[in-house]
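# Coordinate analysis (summary)
One-letter residues, chain by chain:
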Amino acid sequence: MRSEFLKKVSVLVAAGAMAACGGGDSGGGDPGGDAGGGEAPAAAQVDPATVGTISGTINFAGDSPAPTAIDMSAEADCAAGYGPDGPMSNNVIAANGRLANVFVHLTGVSGGPAPSGSVQLDQENCRYMPHVLGVQVGQNIEITNSDDLLHNINASPTENRGFNISQPRAGITSNQSFPLAEVMVPVRCDVHGWMQAYIGVVDHPYFGVSGPDGSFTIPNVPAGTYTAEAWHEAYGAMSGSVTVTAGGTATLSFDYSSDMAGAHVPLGEPLVIRHGEHGIEVHRGAQD
Amino acid sequence: MRSGTLLKTIATFLLVGAAGLVAQENENGRVLYDRWCAECHGAEGLGDGSAAASMLPRPRTFSQARYQVRTTGSGQLPTDDDLMHVLNVGLPGTTMPGWPNLSDQQKRDVIEYIKSFSRFFAAGPAPEPLDFGSDPGGGPEALAAGAQAYLTLECEACHGAAGRGNGTSAPTLEDWRGFPIRAADLTEAWALNGGSSVNDIHTRVLTGLDGTPMPAAIDAMNSGVVSPDEVWQLAHYVASMGPRERPRLREVVRVERASEGLPQDGSDEAWGDIEAFFFPLAGQVIEVPRNFAPTVDGIWVEGVHDGSEMAFRVQWNDPSRSPDSEWDEWQAKILATMDLDGFEAPALDSTGAVTVRWPDAIRLQFPFEVPDGAERPYFLGGTTRQPVYLWTWSSNDGVGEGRGRGYGSVEPLPGELQGTAEWQDGRWTLYLRRPIAAGADGLTFSEGVPIPVAFSAWDGSSGETDKRAGVSSWYYVLLEQEPSNAVVVTPLIAILLTGAFGLVLVRRAQGRARA
Amino acid sequence: MNLKHPFWQGVLVLVLAYVVIKWGIGYLLPMIGVPSAPVPSTVVTQYMLTVLVGVLLYMSAESDRWAAFKAPMVRTMVDPGRRALRGILLVGLPLLVGWVAYQGVKPSFGAPATLRSIHPAPPNSITFRGATMELAGLENPLRHSGDMEAHLAVGNAVYTRNCVPCHGDLLDGQGHFASMLTPVPADFTNTGTIVQLTESYVFWRIAKGGPGLPNEGAPWNSAMPAWETILDENETWSVILFLYERTGSTPRTWEEEGAEGEAH
């Protein structure tokens, strides 16, 4: 049971020593990519003659972090849902030179087609599915519990109002949305300290999340030159430039590396708290 | 037209006056806030005042307007009445007091100022309280249904089966800023920050405590997992888990004289007939390193003797059975985020794991001799000149006797103290037994005389060791004496003498009157 | 009941004396701002005996008054018309005495009364962090140097971090640990505490705490730390300024102290 917190603390206390929270193969299920992109913006509103597609890759150099096992002994029902290796974290997934669970979105853009339909956030075998997802401002997030046990969904944004609701049984659905753009909104299950998700809220439909192969796709982008930003919970944020031509496919890649562990991770309103004469510092949110 | 102009002038005057009044109010609020609130909540309302790091839970961060005690839905802003309620009564179990020194108007000014730290209040419509329905009432059936709802909503995941805050998820709980936070001990309702009444508890269940891991159960209720009545019954059940008020402090433990044999262990049914005494513990905030937020806030003591031996049962709530690796993360968080007042926390290893695990421990402290007058050793562990006699227990080393020459120092003594301890559902039960007469070094307990006693407790999983403890003042144990004839004879003699004296007086007076 | 009758006058004096000693001293005096405490029952008995002797002395000083005083009692003992009352008294009074005797000998489980001096006499000088400090005539140096606002800010921070757990945010002795301590922490808003004391006295109490009390102050019971191990001289004087400023009170001056000293 290791939460995000120890990562922060260990960075502060052990000066860069990595907590054993990182990466690994997904123990089962799809860690994100497709579902994370949400329902694609409604094609009907888009004139195909004016838009192109961004197709990208998140590269990862250096040693991939070792897969992290989750101690699910307290929830035998969840643990039973995994193979012989047992439950593995799907948070940081870097393999074969690619990095998954990176949220990529265009900046300096707003508007575009309104969201249609809901984005799904499922709780399955005591993990969030997907781990990273993107939604549009005001878009409905349908949060469901596929486990027949208690989860609470505790979202702590700083631009938006948060929520913290319980779903003690399988089949319960709660609908939530965020009215303001915010990259990223952390979501945590306090019952299971290892369960963490991040929701990127943007006021346009031009975003994507990298899959296990490090690839992402942002379709239906109006022709033009954009700045794109990538966000990862352990390796931080970076930006790049991309030019989209009508009917074309622009490529965009971000190069992360293992050296970036412990990088600054922007997360909503910065909130650094220094306490007392011993200068205790706590950085809210993901590893910083 | 003239009257129109006049009206306009008056209206302008009123508007300007009102605006000035509002500004004045905020100024009043600011002055009051800076004076009474800023040292904990910070001048900018970030919850980072100079004393904040010694507090568990932490002072509120006003900029995010996440309030625990509300009548509104999860994630919503509190109403002004919610904020006023907290200013009136404080948050029990925390360092936040009520503010009877402020007038209602002053409290309203402070509330306006606190709200101005956050953009959320200005942005949205005024928050509306939820409809909480009405209480269908308590009673045995309601309590049984409430106990079922406690299981259905899996309250025990954090609060534990018996409600003592020892659920499997308790060690990993943190507030929204990442600070460690405890699952409430529901058996100590007097320390529930949202209040101890059935209404209070019902409201907290439905609204959740924003900023903490405590979720709102309203979606679960609306989707039919529990009915509205069952949520009320849950509130009745939780309110029934322990006394509403903190037990009254009685300074003397009455050690009864057993009619037949001493209890043989901590679970002996004979304890059921023996009166238990509650002693609250404060943090050891006297000698550095101080402990501003102790885990153990009180202990129960029962005693019985048979003229040659005595037995005690000591019980206290501690959500962790230290040392326990499940609580490693909790310990690391506490030591990383609390003001340790100079305590040198052992370094974590390269994976961020703790390298030292401390045991739970308790100490009963006595003088070496029953004092003649008022004088006794220093209550905090004695001194070199006047040491204290200690009964020690730790989850690693069991029971022992010792001599203390200052807080934290224990020189072991040989002795006949025996004992066993058991931890169950967030509560330690320690059974102690010793002959009344001491061996070579120690206190021989006299019957019928109050003997000073003081208590200390440590929760190893919260990094409590050495001087980082919960402590009590001096209290007393008193071994009940064998019933003596004097209790009957003395009043009888008094009655006879007075009666005889009265008769003689009357006779003499009557004789004189006749003469 | 004729209040001009010496007997009833005597009874009235006794009743009034009992009410005043038992409740008046402990509860009425604080209402007019004079610090006080309930009178222990043994002391009540002593006072009442004194009053009784006084009443008897007064009544027997003149033979007429003495006769008048005794008359109702004598009548009760001899008058055939008062047979019933006589019987009740002859049975009731011995029972009452028996009950009192029983209260005295029955096993008691109360805490022994502990008397301690709340403001014991201070020493003439103390050793503060190794340096000798004369207390007599000592003023708070911060009242005459530096920026008062800055001193108060230091005092506020020192108070909140160190003193609030026991003495409370409102300085009323109601901190969150207060109810767990015996004796209870001082209430600075009470006129019986810092207002009665010079700042040098308060400095001594803070610097030396419970362990520095003389025996009549029961140093073994006090949870007040010896703050010289934690607070330096400037912090101590600052927090003293803060105590008076926040409670809107002023310290006792050396002039007042001197006047009192001469009067005694």
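Values in this document were obtained by computation on a predicted structure and should not be read as measured data.

### Examining the overall build of chain B
Assigned secondary structure in chain B consists of twelve helices and 14 strands. The C-alpha radius of gyration of chain B comes to 30 Å, more than 25% above the 24 Å expected for a compact globule of 515 residues. In chain B, which comprises 515 residues, the proportion classed as buried is 51%.

### Concerning unusual backbone geometry
Here the residue pair A:V183 and A:M184 is connected by a cis peptide bond, since its omega of 0 degrees sits within 30 degrees of zero. Following B:L56, the chain continues into B:P57 via a peptide bond in cis, with omega recorded as 0 degrees. Structurally, the position occupied by B:P57 is in the loop between α2 (38-41) and α3 (80-89). Within the chain, A:N101 stands out as a residue other than glycine whose phi angle is a positive 65 degrees. Given 31 C-beta atoms within 10 Å, A:N101 falls into the buried group.

### Some words on the domain arrangement of chain B
Residues and elements named next belong to chain B. For chain B, the assigned domains are domain 1 (2-123), domain 2 (141-239), domain 3 (252-479) and domain 4 (486-515). For domain 1 versus domain 3, the separation of C-alpha centres amounts to 43 Å. Listed per partner, the contact involves four residues of domain 1 and four residues of domain 3. For the side of domain 1 that touches domain 3, the per-class residue count stands at three nonpolar, one polar and no charged.

### A few points about the sheet that holds strand β5 (residues 119-124) of chain A
Residues and elements named next belong to chain A. As summarised here, the arrangement of the four strands in space is β6-β5-β8-β11, forming an open sheet in which the pairing is mixed. Of all strands in the sheet, those bounded by a partner on one side alone are β6 (127-129) and β11 (173-176). Ignoring which end each strand starts from, the neighbouring axes of this sheet average 20 degrees apart. The pairing of β5 with strand β8 (residues 141-145) spans five bridges and is classified as parallel. Paired with V119 across the strands is I141, a residue of β8.

### Things to note about the nonpolar core
The biggest cluster of nonpolar side chains holds 116 residues, and the ones touching the most others in it are B:I299, B:L432 and B:A457. Leaving out residues up to four positions away in the same chain, B:L432 has contacts with B:A311, B:F312, B:V314, B:W391, B:V399, B:L417 and B:G419.

Each value, and the rule that gives it
- Within any chain, residue numbers begin from 1 and follow the written order of that chain's sequence.
- Chain letters start at A and ligand numbers start at 1, both assigned in the order the entries are written.
- Owing to the predicted nature of the model, reporting of local features is limited to residues with pLDDT of at least 70; listing and counting of side-chain atom pairs is limited to 80 or more, with chain, interface and lining totals taken over all residues.
- Put simply, DSSP marks the helices as runs of H or I at least four residues long and the strands as runs of E at least two long, and each gets a number from the N terminus on.
- C-alpha atoms define the radius of gyration, and 2.2 Å times the number of residues to the power 0.38 defines the globule rule.
- Residues with at least 20 neighbouring C-beta atoms inside 10 Å of their own are called buried, those with 12 or fewer are called exposed, and the rest are partly exposed, where every C-beta is derived from the backbone.
- What counts as a domain boundary in this text is fixed by an automatic or database domain assignment.
- We call two residues in contact whenever the C-beta atoms placed from their backbones are within 7 Å.
- Side-chain classes follow a simple rule in which Ala, Val, Leu, Ile, Met, Phe, Trp, Tyr, Cys and Pro form the nonpolar group, Asp, Glu, Lys and Arg form the charged group, and the remainder, Gly included, forms the polar group.
- Two strands form a pair only when DSSP identifies at least two bridges running between them.
- Comment: axis = line fitted to C-alpha atoms, over the contacting stretch for helices; angle = value between 0 and 180 degrees taken between N-to-C directions.
- To define a nonpolar core, we join buried Ala, Val, Leu, Ile, Met, Phe, Trp, Tyr and Cys residues through C-beta atoms within 7 Å and take the resulting set.

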